[in-house]
Amino acid sequence: MYDIRVIISGQIINASLKDSAATRGFLAQLPLDLELKDYSGTEKIAYLPRKLDTSDAPDGIDPVVGDVTYYAPWGNLAIFYEDFGYSPGLIKLGTISSGLENLRYSGAKSARIELVRSGE
């Protein structure tokens, strides 16, 4: 497991990511400064600088509130704050452990995503 934090306007969202090729590729890009935009009233999305390796990933998932995911067809990070249905090409990276309420904003906001080192 890997821990990350997402910082939006001084508010912190913590998440734990499971080990996978996609997760390791995502972690290799951290820290990242991205713009998290609202998408469809269910998730916040941001495009990553590089696509992730999805070779060991399932064909898709049925995301739930708090899932941190990667949408392979578009190459974007997607963090769900509402439930959604099965989506082909969606890969679960991990789950938010705290701060989910900090995603309940409209529009777009700058976010910094960082790996949390052991002991932080």
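From a predicted model like this one, the values you see are computed outputs, not experimental measurements.

Rules and cut-offs
Residues numbered from 1 in each chain as written. Predicted model: local features only at pLDDT ≥ 70, side-chain atom pairs only at ≥ 80, totals over all residues. Heavy atoms only, no water. Helix = DSSP H or I, 4+ residues; strand = E, 2+ residues; numbered from the N terminus. Rg over C-alpha atoms; globule rule 2.2 N^0.38 Å. Buried < 20%, exposed > 50% of the residue type's maximum accessible area, 1.4 Å probe, protein only. Contact = heavy atoms within 4.5 Å. Areas by Shrake-Rupley, 256 points an atom, 1.4 Å probe, with all protein chains shown as cover. Lys, Arg positive; Asp, Glu negative; His and termini not counted. Charge placed at Lys NZ, Arg CZ, Asp CG, Glu CD. Patch = residues over 30% accessible without salt bridge, like charges linked within 9 Å, V, L, I, M, F, W, Y side chains within 5 Å. Salt bridge = Lys/Arg side-chain N within 4 Å of Asp/Glu carboxyl O. Phe/Tyr/Trp six-rings, centres within 6.5 Å; stacked < 30°, edge-to-face > 60°. Lys NZ or Arg CZ within 6 Å of the ring centre and 35° of its normal.

A. Spatial organisation of the overall build of the protein chain. Check the secondary structure of the protein chain and you find one helix and ten strands. Taking 14 Å as the expected radius of gyration for a compact globule of 120 residues, we find that the protein chain reaches 13 Å, a close match to that expectation. Its C-alpha atoms put the protein chain at 35 × 35 × 25 Å along the principal axes. A burial count over the protein chain gives 46% of its 120 residues as buried. A separation of at least 24 residues holds for 61% of the contacts in the protein chain among residues at least 6 apart in sequence. For the protein chain, the accessible area works out to roughly 6000 Å², and carbon and sulfur atoms hold 49% of it. Distance between charge centroids for the protein chain: 5 Å, based on 12 positive and 16 negative side chains.

B. Examining a nonpolar patch on the surface more closely. A cluster of nonpolar residues, Tyr39, Tyr47 and Trp74, forms a patch on the protein surface that exposes about 330 Å² of accessible area. As for its placement among the helices and strands, Trp74 is situated in the loop between β6 (67-71) and β7 (76-80). With relative accessibility at 41%, the residue Trp74 sits in the partly exposed group.

C. View of the pattern of salt bridges. Counted according to the given criterion, the structure contains eight salt bridges. Here Asp33 and Arg112 are joined by a salt bridge, their closest N and O atoms 2.8 Å apart. Taken together, the residues span a long stretch of sequence, with Asp33 in strand β3 (residues 32-39) and Arg112 in strand β10 (residues 108-115) at a distance of 79 residues. Here Arg112 makes a salt bridge to Glu114, at a shortest N to O gap of 3.1 Å. Since its relative accessible area comes to 18%, Glu114 is described here as buried. Within this structure, Arg5, Asp33, Arg112 and Glu114 form a network of salt bridges that share partners.

D. Structural detail: the packing of aromatic side chains. Applying the stated criterion across every chain, the model contains three aromatic pairs. The rings of Tyr39, Tyr71 and Trp74 are connected pair by pair, giving a single aromatic cluster. Over the ring of Tyr105 we find Lys44, and its NZ or CZ is 4.0 Å from the ring centre. Of note, Lys109 hangs over the ring of Tyr105, and the distance from its end group to the ring centre comes to 4.9 Å.

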